[in-house]
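For reference, the chains in residue letters:
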Amino acid sequence: MAEGKAGDGGAGAGWGGGPLHEREAEIRSAAQAIEVLIAPPGAGLGELLLYTGAAGLGKTAVLTEVRRAATRAGCTVLFARGGQRQCHEPFHVVRQLVRPVLSALSDDERARVFGPWEDVVGPAAGLLPPGGQLDPQGVRDGLDFVLTRLVQLRSPVAVLVDDLHWADPESLGWLAGFAVRARELPALVVLACRDEFPDDDALALQRLLTDRADRRHELRPLQPASIAHLVRAALGTQAEDAFCRHVWAVTAGNPYETAALLHEVADQRLDPVEESTGLLREIAATARGMTLRHWLDRLGPTALRFAWAASVLDTDIRPDLAAAICAQGPEAAAQSVRELRRHRVLTSGPAGRLEFVHPLVATSVYQSMSPATRTGMHGVAAVEVENAGLGLLAASRHLLEILPEGDGGIVDKLRRAAREHLAIGAPEAAQRCLRRAISEPPADEDRASVLYELGCSALLTDPATTVNQLRLALADPYGLDPGLRVDAVFRLAQALAHSNRVGEAAALCAEEAARTPPGPGRLRLEVAHFMFGAFQSEDEDGPSRSRRLAEFHRMLGTVGLAFTDTDTDTGTDADADADSPVSVQAVFEHDGLAHAVAVLRCWDLTLRGADRAQVLALADSALPQGRLPRSLGWTNTTWGFELPGILGLSYLYADRVDRAEELFTEAVRAYEVAGWSGGHLGFAYLLTGMLRFRCGALAEAEAYLRRALRIAGRIGPDTPLHWDAVGALAETLAARGRVEEALELAREHAFGPPYPTVMVLPDAPTLYGRLLLARGDAPGAAEVLTAAGTALDTRGWRNTVWAPWLGHLARVVSPAQPERARALAEEAVRRARESRTDSAVGSALRLCAAVHDAPRAAELLAEAVRYLERSPARYEHAMALVDLGEALGSDPAARTTLTRGLELAVHCGADGLAARARSLLGAGTGG
């Protein structure tokens, strides 16, 4: 009998062990793919092979043959099957694929295969208990890493998934990406599915796989000749042609339905002659089952209850669990299994596990239950699965099926299950549990907390859901406890900010702070108000907000000293009343309020172009012992990643790239280790790319920024990360001399007005004006840069590195308004000198030289070079050297200067600048 859904008839296999009918091309295609896969070491490459077709056409039988062929060829075979009632059990398919082989690895092999990803992949694969919340993209990336290493260790590998249409979304999402990447590995991916995906997202992934399949086969019904062969193999060669033809007509050539019909014909001892054809349709309807009466008549009540329990368990049928669910003792259960085998309902699968002979049988049995019976069995299954030690991850799908009864115990289990789902990187599954908990419903006093948890569960993946649910939680009449309410407001503000609604985020925190009693909660909201306000691109109240922030920072410093004195003098317990000075000081230490405000004040001074000494003093005060405090850690959710990010940028703009590099390297490492591969890691890549750009490592900057842009593309357009990545990458490409590519990038991603409400790094209007200038649109550039300068001055932001609008506007207006141009450029130099930052002063001087005649230009450029050679801004230094060499003209020093500029440009990867330097040297400049 063919391996697989035994007795399904496949495409004719399974009845008498005969060959598959009309599936030669499909089997041959797989054999060819396996031959390519097992080519000499290093030469074998994988493919994506896809079998599609309606139920019963033999996909499983074909996949079984592929599995046998791959095993005979020496492949490591990973196999899984989707389950109709397990399609909402996260990573169910992944666990079937990888857990058997990964759990059998030696310690050394395990270390090689998992690398740094064990804590991320282990919980999803069912090898480690759930820990903290994981980013779904991080889990997918970790699975890619582990499977790639496993393929390298155990190549060649064949990954086979049957009934893909019932794969859980988490497994399907990962598989859709890995199946394409597997082409670069000695790994063959073979998938079988119907065109019956449960939702639009799953259907879109299936279409993606279909479009990218190297070999695709759609199975068709069998022709009359093949059906006649099956009939005669089952009923004898005396079967008449008319009878065989009528079997084909009744079953429409479906192999499974043909096999089921022939079983019934044989059981009823019907003669296969023309006179019997009138009974075939009625017998075929009986063979399909689907009704309670059919199964009762066929199996009897005891065996049927066991079959119902098995159908509730779906693809993971443990006899002891099924027996417990249907309340049968060991002997009765064993007898039920024997009866179900005899009636071709259950069989033993490839691994010896109990399973239904075909999913159609499982569906028929399951649907024959009354709604009340089905609900009751799922309720018992939830208890028995958890009692068997399989955990809430497995039990929760059963909890989703029971009727709401206002049971607080069920609500508690669903909330705990949601936390476990989040801890394996399955937020959608967590949201299903929490929505079901709300419909239970929870006790009035718990409802807001469940809504809060539902909102937070979507924070990494669906800000819109977070906004809606947290608003409901905050509006709930029974409310949240004060501490949780403050946190809910902060999370809501985060979701608004990440949705390009930062003004709403700042206003929300201010409004909530105003109605919050004095104490740590109010202080946190006030700090949050300043934080989100700091990211607004336009704010007419900007200068006043800066003054209020400075006063708030002074107040916290004064209060903090008073608290310290109180502690010292009285020895008061830090767990005193929430409104007491000592408890607020404890909050300072726990939530890092003082450090958070120091970072915001530092960033505010950075954007205002203040003296770097002030900036660095504040930055250093936020790093006790030179390291981020726990509350400002990259993966700490107290404040989010924005505060350590702007702290690093403050160091970067103050020319302390060593401190910035320490912070950004720590960010990348922290997010990679934690498996946070979404927006958090994208932001870390962005920051690292900006650092490399500032240091003149343009090729490295481009690589990091492209990584950030890829992640931003996965998240969606118009997010802050998307704007930042496009802008920084366009600036980098232009610096490398690929101006047309930078312009095309900006056009492709619609980088231009209207701008987001969140500030962009680098300043979006300023960069857009520079791009217009590069395109040759001087009037448009002048208009954009003038408007940018007006908005920035209104905001009080005068940083000439982040937004060098003055110098570039001077270049634009210089031909027609030379005096205005020089005034603008000199104002830029004056502002840069206020910052006392070498790179800022040097860059401003270089732009200023562009609007002066040669003698004065050479003086300004020589001064720019002196500043820039003391700074980390090597690309700016290279530009100043080349500009100076050109300005010196026939001066003998010009050639030496150009040569230095050329060497530095090459080192930076500034190909356009290097070409310009070579051209000047070739033209005899300085010679």
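A brief look at the structure comes next.

## Notes on empty space enclosed by the protein
Once rolled over the atoms, a probe with the size of a water molecule shows which space is left empty.
Thought 1: Going through the model one piece at a time under the given rule, you end up with nine cavities of 30 Å³ or more.
Thought 2: For the largest cavity, the calculated volume is near 190 Å³.
Thought 3: If you go around the largest cavity, you meet 18 residues; those closest to its centre are Arg81, Asp314, Thr315, Phe356 and Pro359.
Thought 4: When contributions to the lining of the largest cavity are tallied by element, the ones reaching two or more residues are strand 7 (354–356) and helix 17 (359–367).
Thought 5: Looking at which element gives the most residues to the lining of the largest cavity, the answer is helix 17, with three residues.
Thought 6: Across the lining of the largest cavity, the residue classes tally to four nonpolar, seven polar and seven charged.
Thought 7: Around the second largest cavity, the lining is made up of 18 residues, and of these Thr606, Tyr653, Asn799, Ser835 and Thr837 lie nearest the centre.
Thought 8: Of all the elements in the fold, those that place two or more residues in the lining of the second largest cavity are helix 29 (593–607), helix 30 (612–621), helix 31 (642–653) and helix 40 (818–835).
Thought 9: For the lining of the second largest cavity, the leading source of residues is helix 40, giving three residues.

## Details of the environment of Phe751
Thought 1: When you line up the elements, Phe751 lands in the loop between helix 36 (739–748) and helix 37 (764–775).
Thought 2: According to the relative accessible area criterion, Phe751 is buried, its value standing at 5%.
Thought 3: For the pair Phe751 and Val726, spaced 25 residues apart in sequence, the C-alpha to C-alpha distance is 7.3 Å.

## Observations regarding helix 37
Thought 1: Across its 12 residues, helix 37 extends 16 Å between first and last C-alpha, which sits within 8% of the 16 Å expected from 1.5 Å per residue.
Thought 2: Each element contacted by the buried residues of helix 37 is listed here: helix 35 (720–735), helix 36, helix 38 (778–795) and helix 39 (805–813).
Thought 3: Among the residues trailing helix 37, Gly776 stands out with phi positive, at a value near 95°.

Cut-offs applied
- Residues numbered from 1 in each chain as written.
- Predicted model: local features only at pLDDT ≥ 70, side-chain atom pairs only at ≥ 80, totals over all residues.
- Heavy atoms only, no water.
- 1 Å grid on protein atoms, 1.4 Å probe; cavity = no way out; pocket = protein on both sides within 12 Å on 5 of 7 lines; lining within 4 Å.
- Points joined across faces, edges and corners; volume = space filled by probe spheres on them.
- Helix = DSSP H or I, 4+ residues; strand = E, 2+ residues; numbered from the N terminus.
- Nonpolar A, V, L, I, M, F, W, Y, C, P; charged D, E, K, R; others polar.
- Buried < 20%, exposed > 50% of the residue type's maximum accessible area, 1.4 Å probe, protein only.
- Expected span 1.5 Å × (residues − 1).
- Contact = heavy atoms within 4.5 Å.

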